[in-house]
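Report on the structure
The residues making up each chain are set out below.
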Amino acid sequence: MFPSRPQARSAARALGWLGIAIGAAQLLAPRRVARAAGMPDHTLAMRSCGVREIATGVALLNSERPSTWMWARAAGDVLDAALLARTMRSDASAATRGALIAVAVLALADFALARRLSRPAPTAPVDYRRRSGFPMTSEQMRGIARSDFVAPADMRVPAALRPWTSGTIAQAPAPHSDAGG
């Protein structure tokens, strides 16, 4: 299940800080990081990956819409995985496999968060509880409909069913004729 939008934004910020930390390590100690990843001959690649990590991390921390930068992180993970996979063809060391697994885990997190942040924010439901749909209050409307209403002939109460009042049957109102219409 996807995290809520605020949780996804918090996770994106955390990944931004993580990217800055990883990027700083790759930029400041490229030989050590390359050796730890099983790629001792790729110090220039480590530096360039470090610059990319720092750039996307800073962008994630400063962006109002982090989904774009989460997609950039995910694309960077694909590049990192491709570099590690290329290295594994010639030297499948445990360090390279471990680095590839770490990149895969980060890539899954980045892709999931990028997808979640790319979905539109849900709109708040409209609260109709205080609305009646009528332009006037009930006191102002009371009796307005009766003032000019005449029931159609087919809706009038038949004479036999009208109430008995003062010894006679109550008379039905005369039909309303609309001569002008």
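Read on for a plain summary of the structure. The structure displayed is predicted, hence computed values, not measured ones. (Residues numbered from 1 in each chain as written. Predicted model: local features only at pLDDT ≥ 70, side-chain atom pairs only at ≥ 80, totals over all residues. Heavy atoms only, no water.)

Glancing now at the overall build of the chain. Within the chain one finds seven helices and two strands. Secondary structure of the chain in N-to-C order comes out as α-α-α-α-α-α-α-β-β. Looking at the chain as a whole, 24% of its 181 residues qualify as buried. Accessible area for the chain stands at about 12,900 Å²; split by element, carbon and sulfur atoms hold 62% of it. (Helix = DSSP H or I, 4+ residues; strand = E, 2+ residues; numbered from the N terminus. Buried < 20%, exposed > 50% of the residue type's maximum accessible area, 1.4 Å probe, protein only. Areas by Shrake-Rupley, 256 points an atom, 1.4 Å probe, with all protein chains shown as cover.)

Okay, the pattern of salt bridges next. Oppositely charged side chains are able to pair whenever their charged atoms sit close together. For the structure shown, the criterion picks out four salt bridges. A salt bridge links R52 to E53, with the nearest nitrogen and oxygen atoms 3.5 Å apart. Two residues, E53 and R73, come together in a salt bridge whose shortest N-O distance is 3.0 Å. Here the residue E53 occupies a position in helix α3 (residues 43-62), and R73 occupies one in helix α4 (residues 67-90), the gap between them amounting to 20 residues. Just as E53 is buried, R73 falls in that class too. Sharing partners across several salt bridges, the network here consists of R52, E53, R73, D80 and D110. (Salt bridge = Lys/Arg side-chain N within 4 Å of Asp/Glu carboxyl O.)

Counted at 1.5 Å a residue, the expected span for α4 with its 24 residues is 34 Å, and the 36 Å between its end C-alpha atoms agrees. By the burial criterion, the buried members of α4 are S67, M70, R73, A74, G76, D77, D80, L83, L84 and T87. Residues of α4 that are buried make contact with α1 (5-28), α3 and α5 (94-118). (Expected span 1.5 Å × (residues − 1). Contact = heavy atoms within 4.5 Å.)

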